[in-house]
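# Residue-level structural notes
So the chains spell out like this:
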Amino acid sequence: MRSRSTLGAVAVLTGALAATGLALAPGAYAVSPGTATATYDCGSWGGGSATLTATQTGTAATITITSAVKTPISVGKDTISSTLTLAKAGGGTRVFTGTKNPAIPANTSVTMGPLSGTVASGDSLNSYFAGTALKMVIFGVTVNCDALTSQTPGPFVFS
């Protein structure tokens with residue numbers, strides 16, 4: 001009989017510890033919306049609508065961009081150096097950078113990212129209009145893109 005009560009006590013204690021662990025686990029971070037679109041003008045390289053997808057883990061955030069800009073020749077994996085600048089509500093900017101991209105066949109839309117940056121809880125980030133919003137360096141050629149629209153459905157808000 002004693003072994004049954006010991007097993008019962010162990011089961012209750014194990015359940016209590018598991019519940020405590022869940023209660024003390026760090027909260028999940030989220031960015032909303034997870035995906036937005038904005039229009040960019042990249043001069044002689046073209047332009048159009050780009051899709052931005054954001055993720056967040058603590059103060060680290062990433063953004064992946066699929067742009068309307070097409071490369072005239074094939075581009076190898078992880079060969080585009082990209083910088084995305086977003087305007088922070090209330091002033092300032094947040095910058096996302098990286099040299100991550102899939103291999104891109106000729107005449108295909110350019111995808112960059114994930115580009116990495118740092119955010120703070122409550123940051124609201126949207127299209128940047130005070131200069132170059134997106135800069136890509138492809139084969140040593142710099143492509144500067146200006147934002148023409150704010151993000152739709154709205155800015156990225158980080159928790």
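Residues numbered from 1 in each chain as written. Predicted model: local features only at pLDDT ≥ 70, side-chain atom pairs only at ≥ 80, totals over all residues. Heavy atoms only, no water.

### Thoughts on the overall build of the protein chain
Along the backbone of the protein chain there are one helix and 11 strands. The order of helices and strands in the protein chain, counted from the N terminus, is α-β-β-β-β-β-β-β-β-β-β-β. For the protein chain, with 159 residues in total, the buried portion stands at 32%. Considering only contacts within the protein chain whose residues lie at least 6 apart along the sequence, 63% involve residues at least 24 apart. Carbon and sulfur atoms make up 61% of the accessible area of the protein chain, which totals about 8,400 Å². (Helix = DSSP H or I, 4+ residues; strand = E, 2+ residues; numbered from the N terminus. Buried < 20%, exposed > 50% of the residue type's maximum accessible area, 1.4 Å probe, protein only. Contact = heavy atoms within 4.5 Å. Areas by Shrake-Rupley, 256 points an atom, 1.4 Å probe, with all protein chains shown as cover.)

### Quick notes on the state of the cysteines
As enumerated under the stated definition, the model contains one disulfide in all. Shown here is the disulfide that connects C42 with C145, its sulfur atoms set 2.0 Å apart. Between C42 and C145 the sulfur-sulfur dihedral comes to about 110°; the bridge is accordingly right-handed. Of this pair, C42 sits in the loop between β2 (35-41) and β3 (47-57) while C145 sits in strand β10 (residues 141-147), and the two are 103 residues apart along the sequence. Of the two residues, C42 and C145, neither departs from the other in class, the shared state being buried. (Disulfide = S-S within 2.5 Å.)

### Some remarks on the confidence of the model for the protein chain
Note that predicted coordinates carrying low pLDDT should not be read in detail. Mean pLDDT over the protein chain works out to 85, with 82% of the residues at or above the 70 mark. Counted against residues more than four places away or in other chains, residues 1-27, with its pLDDT under 50, gives zero contacts. (pLDDT = per-residue confidence, 0-100.)

### Considering the nonpolar core
Core analysis: the biggest nonpolar cluster contains 33 residues, and Y40, L84 and M136 have the highest contact counts within it. When residues of this core are traced back to their parent elements, those giving at least two are β2, β3, β4 (60-71), β5 (81-88), β7 (108-118), β9 (134-138), β10 and β11 (156-158). Beyond its immediate sequence surroundings of up to four residues, L84 is in contact with Y40, L52, I63, I65, R94, V95, F96, L115, A133 and L134. (Core = buried A, V, L, I, M, F, W, Y, C linked by side-chain atoms within 4.5 Å.)

### Structural notes on the side chain of S67
Note that S67 resides in strand β4. Residue S67 is classed as buried on the basis of its relative accessible area, which comes to 6%.

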